[in-house]
Amino acid sequence: MAFDIKDKISGHLKARLQLPLVPGKHQAQIIAISARKGGVGKTTSAVNLAVSFAASGHKTLLIDIDPQAHVSTALRRDLKSTHGNLSDVLLGKKREVHEIAYATNISNLWLAGSEKHLNETENCLAAKIGKETILAHALENTRTHYDIILIDCPPNLGTLSLNALFAADYVLIPSDMSALALEGIGDILSTVETLRDRMHRPVEIMGVLITRYDKRLKQMNSMVETALHELLDTPLLEARIPQNTALNKAHLKGLSIFEFSAKSSGALAYKEAADEILEILGLAEHLHVQEDVVSAQVTSA
Ligand SMILES: Nc1ncnc2c1ncn2[C@@H]1O[C@H](COP(=O)(O)OP(=O)(O)OP(=O)(O)O)[C@@H](O)[C@H]1O
Ligand SMILES: [Mg+2]
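Predicted model, so just to flag it, every value in this text is computed and none were measured. (Residues numbered from 1 in each chain as written. Chains lettered and ligands numbered in written order. Predicted model: local features only at pLDDT ≥ 70, side-chain atom pairs only at ≥ 80, totals over all residues. Heavy atoms only, no water.)

## A look at the environment of Thr191
Relative to the elements of secondary structure, Thr191 occurs in helix α8 (residues 179–197). The exposure class of Thr191 is buried, given its relative accessible area of 16%. Taking the C-alpha atoms as reference, Thr191 lies 9.9 Å from Phe166; in sequence the two are 25 residues apart. Among residues more than four places away in sequence, those in contact with Thr191 are Leu157, Leu162 and Leu165. (Helix = DSSP H or I, 4+ residues; strand = E, 2+ residues; numbered from the N terminus. Buried < 20%, exposed > 50% of the residue type's maximum accessible area, 1.4 Å probe, protein only. Contact = heavy atoms within 4.5 Å.)

## Digging into the site of ligand 1
Around ligand 1 sit 18 residues, and of these Lys42, Thr43, Thr44, Arg212 and Pro242 come closest. With respect to ligand 1, the side chain of Gln68 contributes an N or O atom lying 3.2 Å from an oxygen atom. The separation between an oxygen atom of ligand 1 and a polar side-chain atom of Arg212 is 2.5 Å. When isolated, ligand 1 has an accessible area of 630 Å², and the protein chains bury 89% of it. Going through the elements one at a time, α2 (42–55), β8 (236–242) and α10 (245–253) are the ones with two or more residues in the shell around ligand 1. Taken together, the residues of the shell around ligand 1 break down into five nonpolar, 10 polar and three charged. (Near = heavy atom within 4 Å. Polar contact = N/O pair within 3.5 Å; in protein donor to acceptor, adjacent residues only side chain to side chain. Areas by Shrake-Rupley, 256 points an atom, 1.4 Å probe, with all protein chains shown as cover. Nonpolar A, V, L, I, M, F, W, Y, C, P; charged D, E, K, R; others polar.)

## Details of the pairing of strand β5 (residues 148–152)
Of all five residues in β5, five are buried, a share of seventy percent or more. Neither face of β5 is exposed, since Ile148, Leu150 and Asp152 on one face and Ile149 and Ile151 on the opposite face are all buried. Pairing between strand β1 (residues 29–33) and β5: five bridges, direction parallel. Bridging across to β5, Ile30 finds its partner in Ile149. Judged from the five bridges that link them, strand β2 (residues 60–64) and β5 form a sheet pairing that is parallel. Looking at the pairing, Ile63 lines up with Ile151 of β5. (Pairing = 2+ DSSP bridges.)

## Notes on α10
An α-helical turn contains 3.6 residues, so a residue and the one three or four places further along point in the same direction. Listed in full, the buried residues belonging to α10 are Ala246, Leu247 and Ala250. Along the axis of α10, the buried positions cluster into a sector of 105°, meaning they face one direction only. Exposed residues on α10 whose side chains face more than 90 degrees from its buried face are Thr245, Asn248 and Leu252. Buried residues along α10 sit in contact with α2, β8, α11 (257–260) and α12 (265–281). One or two residues past the end of α10 sits Gly254, with phi positive at roughly 75°. (Arc of directions from axis to C-beta.)

## Topic: the packing of aromatic side chains
Per the stated rule, a full pass over the model turns up one aromatic pair. Taken together, a centroid distance of 5.7 Å and an interplanar angle of 75° make the contact between Trp110 and Tyr146 edge-to-face. Taken together, the residues Trp110 in strand β4 (residues 109–113) and Tyr146 in the loop between α6 (134–139) and β5 connect sequence positions 36 residues apart. Positioned above the aromatic ring of Tyr146, the side-chain terminus of Lys59 is 5.3 Å from the ring centre. (Phe/Tyr/Trp six-rings, centres within 6.5 Å; stacked < 30°, edge-to-face > 60°. Lys NZ or Arg CZ within 6 Å of the ring centre and 35° of its normal.)

Scope: geometric values only; no functional claims are made or implied.
And the structure:
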């Protein structure tokens, strides 16, 4: 175990001795991107939506709370912060996520997150009272420094995901067109219902974002869409993220789709999804930067 009791106690003392973070002038809306099924495009969505929001002039913080740390590969930015990491926040050594966030070379985009000990941190939290509320507290002041905070969740509903859902104003659920993905959506919906009813969290389901969409599979698509509407009664975003190899290649290169291939079907779909989300958040009127500005802002990765 990487953290012993002495480490934890000295961490808490250090956090107490720190000066409180000066509040900013923003009030971020927080979106958790969560799905129980693996590989449905949570990280791809988190990264490309975050880059699109940032390009629209919104101060965006992308938090990677998945121990797999895929945001760092998807953006080929080392999620290393000289000021600490997410484990420090969850174990009480740092008070606010803002303290561990760092600016990327994409204008308006900050990252905070995962590192190799996050799994152990989740285990350490197991016996802690109020363990699912830690991130929410650590975002209270942080959110005053950003317009939008996105949280990329792991493919399960463990303590790390619960922290993200508890902290969130909205949950966005990426889903491919498969029965297994639908099953996972039901679990998230009931978790959110519990958070709302029993823990009085005002978290809302923003909707399901269909990913890996193949418009040729008409029968399967209509079955899944009917199930989403009729069985789960879940809002569906209008944008459909297509199955697009450019998204996969961009991931392998460590670039957002806008940097890799701004005219690909994946880039256009993520821009459409981002605009739809900005509309839901009431931030659409602030759109003032064209999509091609992203590549201009980014120096080579
Ligand atoms: N629409 C798409 N078209 C083609 N490839 C995609 C698409 N979306 C995601 N991928 C690729 O599929 C793989 C899994 O995607 P991603 O990492 O975003 O899923 P995830 O839900 O975050 O997975 P995990 O549950 O492991 O965190 C990646 O290699 C990614 O590049
Ligand atoms: Mg992921």
